[in-house]
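# Notes for the structure review
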Amino acid sequence: MKMKQRVATDEQPFKTGSTDDSSPSIEEPAAALVVPPDGGWGWVVMIASFCCNFMVDGVILSGGALLPSIRAEFNATESQVAPIVSLLAGFYLLLGPIASALANKYGFRKVSISGSVIAFIGFAISYYATSPLYLYITYGLIGGFGVCLIFMPAVLTVGFYFEKWRALATGIALCGSGVGTFVMSPITAILINKFGWRVTILFQAGMMLSCIIFGSTFRPIKPITVVVEEESSGDKEDERRAEVEKVKDMMKLQGRLDAGIRMPHDMKFATRATPHTWMGVPNNTRYPTAEEVFRGSTTVINAQRRSSATASAIKTNLGAKPAYATVSEKDEQEDSSTTPEKQAKQPLIGSVLRVISQQDYHSQRRQSSTVDLAARPLNREDIFFGASLARLPQYTSRTSLGYHLAVTHIPPPEDPKDSKGRCRMCPVAVRRALATLLDFSLFKSLTFNILAISGFFTMLGFFVPFMYVQNRAYKSGAMENDLIDWLVASIGIANIIGRVLCGLVSSMPKVSPLLVTNIALTVGGISTMMSNISFSPYYQFLYCVLFGFSVACFAALRSIVVVEYLGLERLTNCYGLFLLFQGIGALIGAPIAGMLYDATESYDVSFYVSGGFILLSAVMCYPIRRINNWEKNRAEAKTKASLSTSDSPLSLVNKV
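Calculation criteria
- Residues numbered from 1 in each chain as written.
- Predicted model: local features only at pLDDT ≥ 70, side-chain atom pairs only at ≥ 80, totals over all residues.
- Heavy atoms only, no water.
- Axes fitted to C-alpha atoms, helices over the stretch in contact; angles between N-to-C directions.
- Helix = DSSP H or I, 4+ residues; strand = E, 2+ residues; numbered from the N terminus.
- Parallel < 35°, antiparallel > 145°, perpendicular 65-115°, else oblique.
- Nonpolar A, V, L, I, M, F, W, Y, C, P; charged D, E, K, R; others polar.
- Left-handed = near helix turned anticlockwise from the far one by under 90°.
- Contact = heavy atoms within 4.5 Å.
- Salt bridge = Lys/Arg side-chain N within 4 Å of Asp/Glu carboxyl O.
- Buried < 20%, exposed > 50% of the residue type's maximum accessible area, 1.4 Å probe, protein only.
- Phe/Tyr/Trp six-rings, centres within 6.5 Å; stacked < 30°, edge-to-face > 60°.

### Observations concerning the packing of helix α3 (residues 78-94) against helix α24 (residues 571-600)
Contact geometry of α3 with α24 gives a least axis separation of 8 Å together with a crossing angle of 170°. The angle between the axes of α3 and α24 places the two elements in the roughly antiparallel class. Considered class by class, the residues forming the contact of α3 with α24 number 16 nonpolar, six polar and two charged.

Spelled out as structure tokens, the structure:
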């Protein structure tokens, strides 16, 4: 048995042999997959993502410095000007599912460039603001939507380009947030003092426009086709024809997915596709993975063993001319010596995927190709996982190729008929992505509910120190102005160090990411509540360092915690809903602090309350391990009960 791969292009999509029995030959099975190149242009993408995070978070997290000047010019209260920045921060998160869905359809490059233009327009017309309400719309809503379209592609594209070096590349890219906070905080203060808040916002608009350059580097990766071939013989040819017949039968069953009819026992993967969601289409994770589609084929590849020949050939030929890689003779002998018992535990790879995709494409006259489907980021289960893949059993127990087969879902190509009567701006790919990111069935899980509500409380207090720690220091009069301008910058430095240390911690399998996150948020919440004790420079800078470190742990370890307790297959579903919860928290957190200031004429209560929110978010998560174990035991008990009921003599009699 041999396996070869070649790079696919949009101009030359993968071709499949005829499925007609009268055809003289049947081409070898193939699958279109995106395998990260782990370097090359990926390093350029990483730097561009770093710059996007630098611009976006640098502007948002230093935005609190604008509020005193805006408040003074419009003679407004603190609660009236607080929503200007909180709307920017809230919609930057709240619209994350929409930005991800658009990137899933139109690609990272187009979405990020569009976001740069939208953010530039929103910030630029803010120069002519006549009231805080005007800034709500231009700076908050329009600007928030634009920066969200920049931020989400910048986060997702790094994971799309890296596999072995994903943790390093993602960590460096996200450090742009800390560096941006460190650099932009004093620069914003200088610009406001010399030119005023209007010119400062124009400067921010120019920063957003420069993201066009960085977003243009987010070019798509060309998928590869993996071909499995066997030596031809009369018997083999008959077997291959039998496989094609089987594929035809599978295609008929595939059409029953939307009808919600139960599939046969050997087609369990197909039953995951529910007929309808709130978006009218099944979400992507309900469709079978490439590995599951391949099950049932007679061709076997030993995917438990890492084949350096196959993996290296895939990596080196990405972006190059079409090339072929063949498994060595030694590998072939190892494959042939695999026992049936071992084969039963291994992924089966054969001709199903390639024929299904092309058969469906030609028979239904669909517009999307297999290549297009393979290049969709939200068709992968690990697209939001920013840590080392070595933490995933799906990665450590397979070859590189086997892993990508296991985490790539294969929805059917889009049918133009599905879009009739619907908004053209929301095609099937966008609706599938939204259904995937906003899967409300997750609310049945107590573990998910605790994590989501915890994230909401974290974000209620997250932006308050960024917006008000400098204003509070100015009001106290206990610090020099030159030192005050560096308070938010020190949070950025601590954020960088925290992300680096969390990256090291995440590579240690014996360290619990949940425990580290809970301890960090506990420290951050308590330190925020106690930050009013003294306004000496040493004490205030110590507080900023502790707070910056705690929020870095929360951001860096969140995806690992989700995978550990809810599974990799639910990460994308969880991430979209988490963005909603966190966006709502960010949206109302700062206005609550502003109202408390207006009521008390002091920032003390605002910091007590925001610190209490952060502490509450940590306390809620301490019992998650026990709650998750209880949920798993209950699910196992229900499964055993249903199996015993179905196998009882009475049920067997009823079946007969």
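The discussion continues.
### Section: the packing of helix α1 (residues 41-61) against helix α6 (residues 132-161)
Taken N-terminus to C-terminus, the directions of α1 and α6 make an angle of 155°; their axes are 9 Å apart at the nearest point. Taken together, the axis directions place α1 and α6 in an arrangement best described as roughly antiparallel. The two elements α1 and α6 meet at a crossing, and its hand is left-handed. Note on element contacts: α6 touches α1 through Y139, V147, I150, F151, A154, V155, T157, V158 and Y161, opposite W41, G42, V45, M46, S49, C52, N53, V56, V59 and I60. Looking at the contact of α1 with α6, its residues break down into 15 nonpolar, four polar and no charged.

### Focus on the pattern of salt bridges
Tallied over the full model, the rule gives five salt bridges. The salt bridge partner of R71 is E78, with a shortest N-O separation of 2.9 Å. What makes R71 partly exposed here is its relative accessible area of 25%. By relative accessible area, which is 3% here, E78 ends up buried. Across the salt bridge formed by R380 and D382, the nearest N and O atoms sit 3.1 Å from each other. Note on accessibility: R380 and D382 belong to one class, buried.

### Brief notes about the packing of aromatic side chains
The full count for this structure, using the stated rule, is 20 aromatic pairs. Arranged with centres 5.8 Å apart and planes meeting at 85°, the rings of F108 and F160 form a pair that is edge-to-face. Here F108, found in helix α5 (residues 108-125), pairs with F160, found in helix α6; they are 52 residues apart in sequence, far enough to count as distant. On the numbers, 5.8 Å between centres and 65° between planes, the contact of F466 with F547 is edge-to-face.

Functional significance is not addressed by these values, which are geometric in nature.
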